[in-house]
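Residue-level structural notes
What follows is each chain in one-letter form.
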Amino acid sequence: MSPREPAEDAVAPTVATPTARVVAMVEALRGHGLVVGTSETVDAARAGEVLGLADRALLREGLAAALLRRSGQRRVFDSVFDVYFPLGVGAREAVRTSSDVGRSGDRRADDGDRRPSGDGDSPQDVVRRLREALVEALASGSRGAMDAVAAAAVDGLGAVPGSGPGGTAPGYSARQTLEMLRPQTTIAAAQAARASSPGFLARLDREEVRRDVEAFRALVQTEANRRTAEGRGRERVARYAVRPDAEAVEFLSADRAQLLEMRRRVQPLARRLATRLSARRRHANRGQIDVRRTLRRSLTTGGVPLRPAFEHRHKARPELVLLCDVSGSVAGFAGFTMLLVQALRDQFSKVRVFAFVNHTDEVTELITAGGTDPAALAARILAHANVAPWHPSSDYGRAFASFVSSYASVIGPRTSVIVLGDARNNYGDPGLPALGTIAARARRSFWLNPEHASRWGLGDSAAPEYARVVEMHECRTIEQLSGLVGRLLPV
Amino acid sequence: MSERFSSVDDVTARLSEVGYLASPSVATTVYLADRLDKPLLVEGPAGVGKTELARAVAAVTRTELVRLQCYEGVDEARALYEWNHAKQLLRITAGRGETWDETRDDIFTDEFLLARPLLRAIRSDAPTTLLIDEVDKADQEIEGLLLEVLSDYAITVPELGTLEAHHPPFTVLTSNATRELSEALRRRCLFLHIDFPEPDLEERIVRTRVPGLDEEAARSLVRVVNALRRIDLRKAPAVSESIDWARTLLALGADTLDEHVVEETLGVLLKHTDDVARARTHLELSGAERS
């Protein structure tokens, strides 16, 4: 395969051979937790050979087909692909030639100057021009135009100096670009400019523009990664700049888009767990050998126990009680876990959900009455349930005590209790006896904590105290959550 | 190795001749599956055209479509082959007087073999397209059977030996991901995730399938469908439902989408009453307040 001119739609000329680059990319994908075997790598190299490097979009799809094994890995793949098979080198053709978008053509940003001063434009002018261009692009809804604006914006606003002499090379920051450009401020204008269709369809405009703005943010990120990779090396960028797969994102630090994606994962996850649980139940049905009956049976075969008899297990689906901290800091996590349990509802004969901030109230009704949007769910709970009568911050001690006094009878010998929360008690009384009562009444009880285990006990965290009463598990990601639920849920 | 397609563009063009508008990712993956001679595992939400893709490939390559519909409990006898016991018994009865050895050699031959989809695709004299539909519905054991078929295009019948394919079939497996497929199976396949199409593509699909529909109406329809897919529904509207909706609108003689028409016909698009209610709220139909 011969190297090609850096055309707009072609992959940048390669330093190493394409195969070497595929291998390096596989290495990066593995670094992000994707399982890519040798046979997949071979397939990918063959795909590259068959498709050629001339058309980047084709190559992307081809490599994806060969390297990916399941849905949901695609975003990580796309980010890594953009780093290893970048669109051209340096500022893009569109940025270099265009005079109206960003006007940053003759200004090379690699002098390390944070705000490259050029032909008398103030940064405000650049920002204003870029915003106008963005409004236009959003109004037309054209991906190409948005991409051009993203390239110009990163070029004009995103340059960051390297760190110190002999340190890292200068790079480009998507965050800085977006902070200066503030694309969300263009939504209203773009919506007005769009106002294409009259009637109720116009209402869809706002939402569509919003989604396009999200897409624009992603484009800026891609462009910044690409430009930074040139200076700082691909491996580095692939390692640090690629957003992790939704399964590995931490609940407490997830942004809106990531939460949305995590929500989409819940349905298949719930089904997977349900299959696993029912399989476990099937196995568990076969109890231990009933010696007496086995011996009795063996009489018919002359004392040889040909057919062992098993004890019958008492079949009862377990009951589940969830106790969720829905205070602001962990609401996302709690909402998420409730969603999962809601999806798993068939697996239990009874699920009751209680929410608390500093007082516990039953919210089973609110959760079962439709509506699966965790954000709305949290809001509904705060609005309808009496969970925070005293102040807006968590008080586990008081919450447990109020649970024991009002709902202790809910927990019986068949009940498993899951407590969800970060155990940050704002230095209040942890209320260990109340939790002890709950744990003593329940068949099993455990605590899922969305904080990293190394932070338990720091500051106002009462996690170690609680961990002595009920077993506590770190549960920061979907991956961990599904593992824990699969392992801990009663059969 | 037969080469069914000459380029990615060729895939796109020929599939569109039979009415399947392929996105670039679909076209590329189909082309690769042909070139690398690997089966294609297609995942994605219901109603985005996974099964349709296999049909379209069969149509453009002018090959027979052999379909194995998987379900819970599908077994070797349903998927691979079984012996025609009745006919074997007849043969034994007819051949009175011959020795057992003669009979035995005779009743385990091709004549008494009932080929089920996988064997039929492997042994076919003409090239075929093999569709293994909803493989996630089948039990895990069946995946073991598939491994041999998918990697070597061969089936081992103990009495007859290993039967190899005359023409490796173009193989498409579909899955709705209700169950995790085994790594071994996944590794044998190229992977394609078909999602709901981009609005432009969906608009073209709708207009291809429902030619009478006005361009403006098609665009609005796709916008509404996309807006609905983004809210939380029990069953998001699929492409097939967009097409149904377009047909309905055409039948009603509605040239433009207005609030009233949408309100009346939402039931074509959505399959649950609470979904319909939610959609009403979301689209602010009939004065429903935005929640």
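Residues numbered from 1 in each chain as written. Chains lettered and ligands numbered in written order. Predicted model: local features only at pLDDT ≥ 70, side-chain atom pairs only at ≥ 80, totals over all residues. Heavy atoms only, no water.

As for the interface of chain A and chain B
Contact with chain A, which involves 34 residues of that partner, is made by 37 residues of chain B. If you sort the residues of chain A by the area they bury against chain B, Arg-69, Arg-70 and Phe-200 of chain A come out on top, with a joint share of 20%. One can count 4 salt bridges joining chain A with chain B. Residues Arg-223 of chain B and Asp-205 of chain A are paired through a salt bridge, measuring 2.7 Å at the closest nitrogen-oxygen approach. On the surface where chain A and chain B come into contact, there are 8 residue pairs in polar contact (both at pLDDT 80 or more). The set of elements that each furnish at least two residues to the side of chain A that touches chain B consists of α2 (38-51), α3 (56-67), α10 (202-232) and α12 (256-285) of chain A. When residues in the side of chain A that touches chain B are grouped by element, the largest group, 7 residues, is from α2 of chain A. Looking at the side of chain A that touches chain B residue by residue, the classes come out as 12 nonpolar, 7 polar and 15 charged. (Contact = heavy atoms within 4.5 Å. Buried area = accessible area lost by both parts, 1.4 Å probe. Salt bridge = Lys/Arg side-chain N within 4 Å of Asp/Glu carboxyl O. Polar contact = N/O pair within 3.5 Å; in protein donor to acceptor, adjacent residues only side chain to side chain. Helix = DSSP H or I, 4+ residues; strand = E, 2+ residues; numbered from the N terminus. Nonpolar A, V, L, I, M, F, W, Y, C, P; charged D, E, K, R; others polar.)

Let's talk about the packing of aromatic side chains
Taken as a whole, this structure holds 15 aromatic pairs over all chains when the rule is applied. Measuring from centroid to centroid gives 5.9 Å for Phe-400 of chain A and Tyr-466 of chain A, while their planes differ by 85°, and the two rings are edge-to-face. Linking Phe-400 of chain A in helix α17 (residues 396-407) with Tyr-466 of chain A in helix α19 (residues 463-469), this pair joins segments that are 66 residues apart in sequence. Assigned by exposure class, Phe-400 of chain A and Tyr-466 of chain A land together as buried. Look at Trp-447 of chain A and Tyr-466 of chain A: their rings are 4.7 Å apart centre to centre, the planes differ by 25°, and that puts the pair in the stacked class. Within this pair, whereas Trp-447 of chain A is found in strand β9 (residues 444-449), its partner Tyr-466 of chain A is found in helix α19, the two being separated by 19 residues in sequence. One exposure class covers both Trp-447 of chain A and Tyr-466 of chain A, and it is buried. Sitting over the ring of Phe-196 of chain B, Arg-229 of chain B keeps its end group 4.0 Å from the ring centre. (Phe/Tyr/Trp six-rings, centres within 6.5 Å; stacked < 30°, edge-to-face > 60°. Buried < 20%, exposed > 50% of the residue type's maximum accessible area, 1.4 Å probe, protein only. Lys NZ or Arg CZ within 6 Å of the ring centre and 35° of its normal.)

A look at the pattern of salt bridges
Residues and elements named next belong to chain B. Enumeration according to the criterion identifies 43 salt bridges over all chains in this entry. When the shortest N-O distance is used, the salt bridge between Asp-110 and Arg-123 registers 2.8 Å. With a gap of 13 residues between them, Asp-110 in the loop between α6 (100-107) and β4 (113-115) and Arg-123 in helix α7 (residues 117-123) connect regions that are remote in the sequence. By relative accessible area, which is 42% here, Asp-110 ends up partly exposed.

Observations concerning the pairing of strand β1 (residues 40-43) of chain B
Remember that side chains alternate between the two faces of the sheet whenever the strand is regular. All names here are of chain B. Burial of the side chains of β1 extends over both faces: Leu-40 and Val-42 are buried on one face and Leu-41 and Glu-43 on the other. As paired strands, β1 and strand β9 (residues 190-193) are joined by 4 bridges and run parallel to one another. What sits directly across from Leu-40, in β9, is Leu-190. (Pairing = 2+ DSSP bridges.)

Honestly, that's just the spatial picture; any functional story needs more than this.
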